[in-house]
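Okay, here's what each chain looks like letter by letter:
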Amino acid sequence: MSVLRKWDKILERFLGIINGIAAISVFLIMILITADVLSRFLLNKPFAGTAEIVSSIIIVVCFWEIPYVAVKGAHVRTTMLYDKAGRKGQLIIDMAAAGLGILVYGFIIRASWSNLLNAIQIHEAEIAGSVRITTIPGRFSIIFGSGLMILEFINQIVKYGYELITGKCFAWEGGSGL
């Protein structure tokens, strides 16, 4: 059990770091957009490629923050039926949802993999005037973030399964729990 707790803490810390990088990216987007607006307003000269850079960074932000939201149990959910189920029923629902999440993110990786390889091979980029913005970081982030989601869903299945089998919450045993 201590190995599972260590894995849980390592994964949570790593996802926290990834979330921090995504949060810094949001701050950088804010600075870039503010500078672009000021440059447009004061100098009548907007920055070339701002929209393309922002759209690329948004992909990174979304796919790098989603796993941290999952580890904190903060995804939006409808609980109409969930609240009526007993604790064991809720654990089964949570495990089924995590299993479905593994499938969905697995399909996202499968659908995105060849696009990433192609982007790397042809040096794919968006062109904004004379500025060339590569699409590779965004394409990589989709796969990376989806892989992190799969790891978190597996982690959740282990936690929920542990509670379902033993009747003890993973958090009560010293883990971070959900």
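To be clear, the structure that these remarks concern was listed above.
What counts and how
- Residues numbered from 1 in each chain as written.
- Predicted model: local features only at pLDDT ≥ 70, side-chain atom pairs only at ≥ 80, totals over all residues.
- Heavy atoms only, no water.
- Helix = DSSP H or I, 4+ residues; strand = E, 2+ residues; numbered from the N terminus.
- Rg over C-alpha atoms; globule rule 2.2 N^0.38 Å.
- Buried < 20%, exposed > 50% of the residue type's maximum accessible area, 1.4 Å probe, protein only.
- Contact = heavy atoms within 4.5 Å.
- Axes fitted to C-alpha atoms, helices over the stretch in contact; angles between N-to-C directions.
- Parallel < 35°, antiparallel > 145°, perpendicular 65-115°, else oblique.
- Left-handed = near helix turned anticlockwise from the far one by under 90°.
- Nonpolar A, V, L, I, M, F, W, Y, C, P; charged D, E, K, R; others polar.
- Phe/Tyr/Trp six-rings, centres within 6.5 Å; stacked < 30°, edge-to-face > 60°.
- Pairing = 2+ DSSP bridges.
- Salt bridge = Lys/Arg side-chain N within 4 Å of Asp/Glu carboxyl O.

A. Structural detail: the overall build of the chain. Looking only at helices and strands, the chain features 4 helices and 2 strands. In the chain, the succession of α and β elements from N to C terminus is α-α-α-β-β-α. Over its C-alpha trace the chain gives a radius of gyration of 20 Å, far above what one expects of a compact globule, namely 16 Å for 178 residues. Dimensions of the chain along its principal axes, counting C-alpha atoms only, are 65 × 35 × 35 Å. The buried share of the chain, taken over its 178 residues, is 33%. For the chain, the proportion of contacts with a sequence separation of at least 24, taken over those separated by at least 6, is 70%.

B. Spotlight on the packing of helix H3 (residues 87–122) against helix H4 (residues 136–166). Relative orientation of the contacting elements H3 and H4 amounts to 160 degrees, with a least axis distance of 8 Å. Overall, the two elements H3 and H4 adopt an arrangement that is roughly antiparallel. Seen along the crossing, H3 lies across H4 with a hand that is left-handed. Classifying every residue of the contact of H3 with H4 gives 23 nonpolar, 9 polar and 5 charged.

C. Just the packing of aromatic side chains, in detail. Taken as a whole and judged by the stated rule, the model has 4 aromatic pairs. When the ring of Phe-14 is compared with that of Phe-144, the centres are 6.5 Å apart and the planes differ by 85 degrees; the resulting orientation is edge-to-face. With Phe-14 in helix H1 (residues 2–43) and Phe-144 in helix H4, this pair connects stretches of sequence that are 130 residues apart. Residue class for Phe-14 comes out partly exposed when judged on its relative accessible area of 36%. Residue class for Phe-144 comes out partly exposed when judged on its relative accessible area of 22%. The interplanar angle of 15 degrees and the centroid separation of 5.5 Å between the aromatic rings of Phe-140 and Phe-144 together place this pair among those described as stacked. Separated by 4 residues within a single helix, Phe-140 and Phe-144 lie in helix H4, roughly one turn from each other.

D. Up close: the pairing of strand S1 (residues 125–128). In this sheet, strand S2 (residues 131–134) lies alongside S1 in antiparallel orientation, the contact comprising 4 bridges. Pairing of Ile-127 across the sheet is with Arg-132, part of S2.

E. Fine view of the pattern of salt bridges. This structure, assessed with the given rule, holds 6 salt bridges. Here Lys-159 makes a salt bridge to Asp-8, at a shortest N to O gap of 2.9 Å. Here Lys-159, found in helix H4, pairs with Asp-8, found in helix H1; they are 151 residues apart in sequence, far enough to count as distant. Residue class for Asp-8 comes out buried when judged on its relative accessible area of 0%. Close ionic contact of Lys-72 with Glu-12 constitutes a salt bridge, the shortest N to O distance being 2.9 Å. Here the residue Lys-72 occupies a position in the loop between helix H2 (50–71) and H3, and Glu-12 occupies one in helix H1, the gap between them amounting to 60 residues.

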